[in-house]
Amino acid sequence: MIPDYHPFNVNKAGHLEAGGVDVVELAETYGTPLYVYDVSIIRNNCRDFVRTFRELGVRAQVAYASKAFSTVAMLQVVNQEGMSLDVVSQGELYTALQAGFPVSKIHLHGNNKSLEELTMAIEHGIGCIVVDNFYEIELIERILQEKNKTVNVLMRVTPGIESNTHHYIMTGNEDSKFGFNLSNGQADQAFLRLRNNSSIQFKGLHSHIGSQLFETEGLLLAAELLFQKLDHWHIEYGFVPDVLNLGGGFGIRYTAEDEPLSYPSLVRELTSAVKEQAASIGIPTPEIWIEPGRAIAGNAGLTLYTVGSMKEIPGVRSYISVDGGMTDNLRPALYQAVYEGVLANKVSQPDAGSVAVAGKCCESGDMLIWDLPLPEVKPNDILAVFSTGAYGYSMANNYNRFPKPAVVFAENGTAQQVVKRETYHDLVKNDISYE
Ligand SMILES: Cc1ncc(COP(=O)(O)O)c(C=O)c1O
Ligand SMILES: N[C@@H](CCCC[NH3+])C(=O)O
């Protein structure tokens, strides 16, 4: 059975459907492992954010954090939905440019941006660079002078908040590799330096406290701390920010235990907090920027696998092995992330017991799901794992020389391949024989 919080249906054949398309047929056509997205879910997720800001009548940009899932087709969809874009590397920026994403709506992040990355961004007229450290300011200053250009800049700060999430995906705490420390004088020093450069338009502050958050508390506290700093800069230097960027990190549902926030309510809550705080320090409400990644792509995607070998350890557990694993979904191995799934070709059949789903890599930690109730499983059944749309494809790797899977978009009953499966030739094409 499909838990009702996974937004997918069963068709008359008793098969799982995505975007009105039978995913068992997709597995036959494109092979497995296969990433499948229901594009209408991506669009609805974008609209939850974009529309709510519009309804509230506040100036805002919702930048899709493309690290969650960056391909040309995906960026075209989010562009159609009126989103801006957050990129964290030259590769993500290149993909955005290839997708025809308006460069003025792209924001560049990164804790170690290279001279080449910054030059590319500035030469293309990037919408904004979110500066992270003093070395980067130096590089930006150098490029602007050499190229006689100007650029919009936000300053990323670490507000010193321990968000309630896995330690690896916490980013706003004081002991973090990201951003300028808000309380030890570094942010003030950076502020003066950015303000003193006439080629830099310093627009305001950015903070991102972590990922897969289920509470607004940390985000609201971050906003409060940013406003304390803005108040100081307003009084001391007459600075009025154009922009306040509160980052992303809004959680999604992987399992029954997850309780995601309603995104329209989240937008309303953040907006009223920003309005209130701005009024309390006597400045106009800045343009509000947010950066959801997982919340846009996560629940829209699923991964299809073909079941192969099985192993029963009496009194311990039953393993089923699939033709993918930590190469297409690193999250269970990296964060002990928990997923749910169904047999796509037997969705209506009753569960027969619980199995552990193993990946195919030569690694004991390559387990996708430890405890998944399923109908009786046979080799060649198609397993669909839900909520893999974010940080699945984007963290895929070639461990054990597995080619990366293809990606298919389905919408209104039609499917289209948007990323081809890697071939074995792709795996060796950059290798050079050693003579
Ligand atoms: C600066 C920044 N913005 C946005 C995001 C997007 O996070 P999420 O996919 O959790 O929304 C991240 C990642 O955590 C990030 O580091
Ligand atoms: N890759 C992580 C999130 C990192 C967010 C980027 N700062 C995940 O899968 O949960």
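Bear in mind that the values here come from a model prediction, so they are computed numbers and not experimental data. (Residues numbered from 1 in each chain as written. Chains lettered and ligands numbered in written order. Predicted model: local features only at pLDDT ≥ 70, side-chain atom pairs only at ≥ 80, totals over all residues. Heavy atoms only, no water.)

As a further point, take the confidence of the model for the protein chain. Averaged over every residue, the pLDDT of the protein chain is 96; the share at 70 or more is 97%. This prediction of the complex comes with two scores: 0.97 for pTM and 0.98 for ipTM. (pLDDT = per-residue confidence, 0-100.)

Turning our eyes to something else, we now look at the side chain of Asn329. Assignment of secondary structure puts Asn329 in the loop between strand 15 (317-322) and helix 11 (331-335). A relative accessible area of 2% places Asn329 in the buried class. Only 3.1 Å separates the side chain of Asn329 from the backbone nitrogen of Arg331, close enough to count as a polar contact. Setting aside chain neighbours within four positions, we find Asn329 in contact with Tyr305, Tyr339, Leu368 and Thr388. (Helix = DSSP H or I, 4+ residues; strand = E, 2+ residues; numbered from the N terminus. Buried < 20%, exposed > 50% of the residue type's maximum accessible area, 1.4 Å probe, protein only. Polar contact = N/O pair within 3.5 Å; in protein donor to acceptor, adjacent residues only side chain to side chain. Contact = heavy atoms within 4.5 Å.)

Our next topic: the packing of aromatic side chains. Using the criterion set out here, one finds 17 aromatic pairs in the structure. For the ring pair Phe202 and Trp233, a centre distance of 6.3 Å and an interplane angle of 65° mean the geometry is edge-to-face. You can see Phe202 sitting in strand 11 (residues 200-206) and its partner Trp233 sitting in helix 8 (residues 217-237), a full 31 residues away along the chain. Like Trp233, Phe202 is buried. When the ring of Trp233 is compared with that of Phe239, the centres are 6.3 Å apart and the planes differ by 70°; the resulting orientation is edge-to-face. Judged by relative accessible area, Phe239 falls into the buried class, the value being 3%. A connected cluster of aromatic rings, assembled from ring pairs, spans Tyr35, Tyr37, Phe69, Tyr393 and Phe409. The ring of Tyr5 carries Arg253 above its face, with NZ or CZ at 4.7 Å from the centroid. (Phe/Tyr/Trp six-rings, centres within 6.5 Å; stacked < 30°, edge-to-face > 60°. Lys NZ or Arg CZ within 6 Å of the ring centre and 35° of its normal.)

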